[in-house]
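Examination of the molecular architecture
Single-letter residue listing:
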Amino acid sequence: MYVCICKGVTERALREAIYQGADRMRDLKACLGVTEQCGLCACHVKQVLDQTLEQKSQIQGFVPQSFVSQSTCMCPNTA
Ligand code: FES
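The sections below set out a description of the structure shown in this document. (Residues numbered from 1 in each chain as written. Predicted model: local features only at pLDDT ≥ 70, side-chain atom pairs only at ≥ 80, totals over all residues.)

Below, the discussion takes up the overall build of the protein. For the protein, the count of helices and strands is four helices and two strands. Ordering the α and β elements of the protein from the N terminus gives β-β-α-α-α-α. Out of the 79 residues in the protein, the part that is buried amounts to 27%. A fraction of 60% describes how many contacts in the protein between residues 6 or more apart in sequence connect residues 24 or more apart. (Helix = DSSP H or I, 4+ residues; strand = E, 2+ residues; numbered from the N terminus. Buried ≥ 20, exposed ≤ 12 C-beta atoms within 10 Å, placed from the backbone. Contact = placed C-beta atoms within 7 Å.)

What follows is the structure, given as structure tokens:
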């Protein structure tokens, strides 16, 4: 399902980016371009982010990457 129509970003692409380390809204914006144009997707993107981080923490006792280092985005769509 598309979350960001302007950039053609699906919920699956968001989840993949989050599992690769994009754990903040700004990471998703930088990686995938979500919220850059009309911004109507922001609430849904945030919802997917929160849900996925929660799932991630339950699966692996996840510590957000932002707490570990100030690394660059690790998502596969980064040029
Ligand atoms: S729907 Fe995401 S920026 Fe327009």
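Continuing now.
What follows concerns the nonpolar core. Core analysis: the largest hydrophobic core is formed by 16 residues, its most contacted members being Val3, Leu14, Ala17, Leu28, Leu32, Val34 and Val45. Those elements that provide at least two residues to this core are strand 1 (2-4), helix 1 (11-19), helix 2 (25-32) and helix 3 (42-60). Here this core gets four residues from one element, more than from any other, and that element is helix 1. Apart from the residues lying within four places of it in its own chain, the contact partners of Val3 are Val9, Thr10, Glu11, Leu14, Val34, Cys41, His44, Val45 and Val48. (Core = buried A, V, L, I, M, F, W, Y, C linked by C-beta atoms within 7 Å.)

Look at helix 1 against helix 2: their axes get within 11 Å of each other, and the N-to-C directions meet at 115°. Considering how the two elements wind past one another, helix 1 and helix 2 form a crossing that is right-handed. Packed against helix 1, whose contacting residues are Ala13, Leu14 and Ala17, the element helix 2 presents Leu28, Cys31 and Leu32 at the interface. Classifying every residue of the contact of helix 1 with helix 2 by side-chain character gives six nonpolar, no polar and no charged. (Axes fitted to C-alpha atoms, helices over the stretch in contact; angles between N-to-C directions. Left-handed = near helix turned anticlockwise from the far one by under 90°. Nonpolar A, V, L, I, M, F, W, Y, C, P; charged D, E, K, R; others polar.)

All buried positions along helix 2 are accounted for by Asp27, Leu28, Cys31 and Leu32. Around the axis of helix 2, the buried residues are gathered within 95° of arc, so they sit on the same side. For helix 2, the elements touching its buried residues are strand 2 (9-10), helix 1 and helix 3. Immediately beyond the C-terminal end of helix 2, within one or two residues, lies Gly33, with a positive phi of roughly 85°. (Arc of directions from axis to C-beta.)

Further remarks concern helix 1. Along helix 1, the residues that are buried comprise Ala13, Leu14, Ala17 and Ile18. The buried residues of helix 1 occupy an angular sector of 135° when the element is viewed end-on, so they sit on one face. Summarising the contacts, the buried residues of helix 1 are in contact with strand 1, strand 2, helix 2 and helix 3. In the segment just after helix 1, Gly21 is the residue with positive phi, at about 125°.

Below, the discussion takes up unusual backbone geometry. Non-glycine residue Thr35 carries a positive phi angle of around 70°. Tracing the backbone shows Thr35 in the loop between helix 2 and helix 3. Judged by local crowding, Thr35 falls into the buried class, with 21 C-beta atoms found within 10 Å.

Worth remembering: the numbers are spatial, not functional.
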